[in-house]
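Working through the structure, step by step
This is what each chain is made of:
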Amino acid sequence: MAGASINIDLDSSALPSKVGGYSAKTKYYRYRNKVYTLEELLAMGFRLVKWDGKSPRPIIDRFGNIIACLLGRPDDDSYVLDCTNAFDAILEVADEANFKKSQKCHKRGNFPAVNVGIIHGQGTLRPTYLVLGKLQPYMDRLRANKSVRRIMGFQSGALRIWAPKLYAYGKNVIKTVSDKTGLRPNFDCSIFPCVAFNFGRNVWTWLHQDLMNLAWFWCIVTALGDFDAEQGGHLIMWEAKLIVEFPHAASIAIPSATFTHSNIPVREGERRTSVTQFLPGGLARWVDNGCRTEKEMKAEDKKAYEEMQKKKAGRWAWGMGFWSKLSDIVGMA
């Protein structure tokens, strides 16, 4: 059963999407890697959301859009056990793998992180798998792990329930990519093309946006570990001015390209990591352009290219139309 909705006075039309809506603009924060305490954030006007990590709670903007959602988790002890098993599997890889320096410290934080899946953009002519090199066997092990797969399936299923139009759009993207290229997603139980595994034992992120994710699409994060969620591990949503308790095995969906987000660290001696699925904006653009780059589209069909260029200015508003209203969700109105 869903919990009470969380209403925020946020003008989502003003979120920092680039023209075209397939990626986001960078917002500047002077103290990007600062550790913020709960007390500091409350003094800054943030609202604390106490949450058991089980009951779903939609986050609703001033236009009535479900812009993000505390998805919760299944009311099933075996799911929590699977999340614990997935956590252990991730820590095993963390101990065995030899991560590159660029994978250990990056824009999201100071911990090893690896993206796995299908991408397109930044010079590629068509969608391709991310090249993982010596890390490939370790990532294949995690992708085959039944506990990890259960989490991925829950994330995808929760997207279908809370944002069915987003789900349908994402499903069409991955089906089209697979049909045209033969590339397959990480998990047959999920419509997401990419997954990010975070490998530190004390994973907390700095203020950041995932700029290359599809700007209006949700990424879904699942927290894993053994920590007191009332004391640390909170998800901070800066535009929404929310601090959310984020327990082990719980999942939260946000538009991570346009929502600046970060975490409060867990306490010393506690352990926390996370796993996230997402949709790269370049992949969606390739599909929407008729399975071709903009350069190819211009050369092959100038009229279609010109029409696409005209649509770019309204693409963010078009993307917002994929978010649900509370009345759209069966049993929620």
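Note that this is a predicted model, so its numbers are computed, not measured. (Residues numbered from 1 in each chain as written. Predicted model: local features only at pLDDT ≥ 70, side-chain atom pairs only at ≥ 80, totals over all residues. Heavy atoms only, no water.)

This part covers the overall build of the protein chain. Within the protein chain, the regular secondary structure consists of 10 helices and 13 strands. What you see for the protein chain is a C-alpha radius of gyration of 19 Å, in line with the 20 Å of a compact globule of 333 residues. Each principal axis of the C-alpha distribution contributes one length, and for the protein chain these read about 60 × 45 × 45 Å. Within the protein chain, buried positions represent 57% of all 333 residues. Restricting to contacts in the protein chain with at least 6 residues of sequence separation, those with at least 24 account for 79%. (Helix = DSSP H or I, 4+ residues; strand = E, 2+ residues; numbered from the N terminus. Rg over C-alpha atoms; globule rule 2.2 N^0.38 Å. Buried < 20%, exposed > 50% of the residue type's maximum accessible area, 1.4 Å probe, protein only. Contact = heavy atoms within 4.5 Å.)

Its boundaries defined by the atoms lining it, the largest pocket holds a volume of some 1000 Å³. The wall of the largest pocket is formed by 43 residues, among which Lys-107, Arg-108, Asn-115, Ala-196 and Phe-278 lie closest to the centre. Broken down by secondary-structure element, the contributors of at least two residues to the lining of the largest pocket are helix 3 (101-104), strand 5 (113-119), strand 7 (194-198), strand 8 (219-226), strand 12 (261-263), strand 13 (271-278) and helix 7 (281-288). Residues that form the lining of the largest pocket fall into these classes: 17 nonpolar, 19 polar and 7 charged. Approximately 150 Å³ is the volume found for the second largest pocket. (1 Å grid on protein atoms, 1.4 Å probe; cavity = no way out; pocket = protein on both sides within 12 Å on 5 of 7 lines; lining within 4 Å. Points joined across faces, edges and corners; volume = space filled by probe spheres on them. Nonpolar A, V, L, I, M, F, W, Y, C, P; charged D, E, K, R; others polar.)

This part covers the packing of helix 2 (residues 77-96) against helix 5 (residues 146-162). At a minimum axis distance of 8 Å, the contact between helix 2 and helix 5 shows a crossing angle of 120°. Classified by the angle between their axes, helix 2 and helix 5 sit oblique to one another. Relative to helix 5, the crossing made by helix 2 is left-handed. Residue-level contacts link Ser-78, Tyr-79, Asp-82, Cys-83, Asn-85 and Ala-86 of helix 2 to Lys-146, Ser-147, Val-148, Arg-150, Ile-151 and Phe-154 of helix 5. Counted by class, the contact of helix 2 with helix 5 contains 6 nonpolar, 3 polar and 3 charged residues. (Axes fitted to C-alpha atoms, helices over the stretch in contact; angles between N-to-C directions. Parallel < 35°, antiparallel > 145°, perpendicular 65-115°, else oblique. Left-handed = near helix turned anticlockwise from the far one by under 90°.)

Read from one edge to the other, the open sheet built from 9 strands follows the order 1-3-4-11-8-13-7-5-6, with strand pairing classed as mixed. Every other strand in the sheet has two partners, leaving strand 1 (6-7) and strand 6 (128-129) as the edge strands with one partner each. In this sheet, strand 13 lies alongside strand 7 in antiparallel orientation, the contact comprising 4 bridges. Residue pairing in the sheet places Ala-196 in a bridge with Thr-276 of strand 13. Sitting on the sheet, helix 2 is in contact with strand 7, strand 8 and strand 13, with an inclination near 95° to strand 13. (Pairing = 2+ DSSP bridges.)

For strand 7, the tally of buried residues reaches 5 of 5 residues, placing the bulk of the element in the interior. On strand 7, burial covers both faces: Cys-194, Ala-196 and Asn-198 on one face and Val-195 and Phe-197 on the other are all buried. Bridge count for strand 5 against strand 7 is 5 bridges, and the pairing is antiparallel. Within the sheet, the bridge partner assigned to Val-116 lies in strand 7 and is Val-195.

Side chains that carry opposite charge are capable of pairing whenever their charged atoms lie near each other. In total, this model carries 18 salt bridges according to the counting rule given. Put simply, Asp-95 and Arg-201 hold a salt bridge, and the shortest N to O gap is 3.1 Å. One end of the pair, Asp-95, is in helix 2; the other, Arg-201, is in the loop between strand 7 and strand 8, with 106 residues separating them in the sequence. You can call Asp-95 exposed: its relative accessible area is 55%. Residues participating in the shared-partner salt-bridge network are Asp-76, Asp-82, Lys-146 and Arg-150. (Salt bridge = Lys/Arg side-chain N within 4 Å of Asp/Glu carboxyl O.)

Let us look at the environment of Cys-105. Within the secondary structure, Cys-105 sits in the loop between helix 3 and strand 5. Distance from Cys-105 to Ser-17, taken between C-alpha atoms, is 26 Å for residues 88 residues apart in sequence.

Quick look at the packing of aromatic side chains now. This structure, assessed with the given rule, holds 14 aromatic pairs. Judged by centre distance (6.2 Å) and plane angle (40°), the rings of Phe-197 and Phe-199 are tilted. Aromatic ring contacts, followed pair by pair, group Tyr-169, Phe-192, Trp-216, Phe-217, Trp-318 and Phe-322 into a single cluster. Over the aromatic face of Tyr-36 sits the side chain of Lys-34, whose NZ or CZ is 5.1 Å from the ring centroid. (Phe/Tyr/Trp six-rings, centres within 6.5 Å; stacked < 30°, edge-to-face > 60°. Lys NZ or Arg CZ within 6 Å of the ring centre and 35° of its normal.)

Pairing in this open sheet of 4 strands is mixed, and the strands run 2-10-9-12 from one edge to the other. The sheet is open, and its two borders are formed by strand 2 (47-49) and strand 12, each paired with just one other strand. Taking the axes of each pair of neighbouring strands and ignoring which way they run, one obtains an average angle of 25° across the sheet. As paired elements, strand 9 (residues 235-237) and strand 10 (residues 242-244) share 3 bridges and run antiparallel to each other. Bridging across to strand 10, Met-237 finds its partner in Leu-242.

With that settled, consider unusual backbone geometry. If a residue is not glycine, its phi is most likely negative; likewise, a peptide bond is most likely trans. Even without glycine at this site, Ala-249 takes up a positive phi of about 80°. Examined against the element boundaries, Ala-249 turns out to sit in the loop between strand 10 and strand 11 (251-254).

So, on to helix 2. Between its terminal C-alpha atoms helix 2 stretches 29 Å, which fits the 28 Å expected from 20 residues at 1.5 Å a residue. The set of residues buried in helix 2 consists of Tyr-79, Asp-82, Cys-83, Ala-86, Phe-87, Ala-89, Ile-90, Leu-91, Val-93 and Ala-94. Along its buried surface, helix 2 packs onto helix 4 (136-144), helix 5, strand 7, strand 8 and strand 13. (Expected span 1.5 Å × (residues − 1).)

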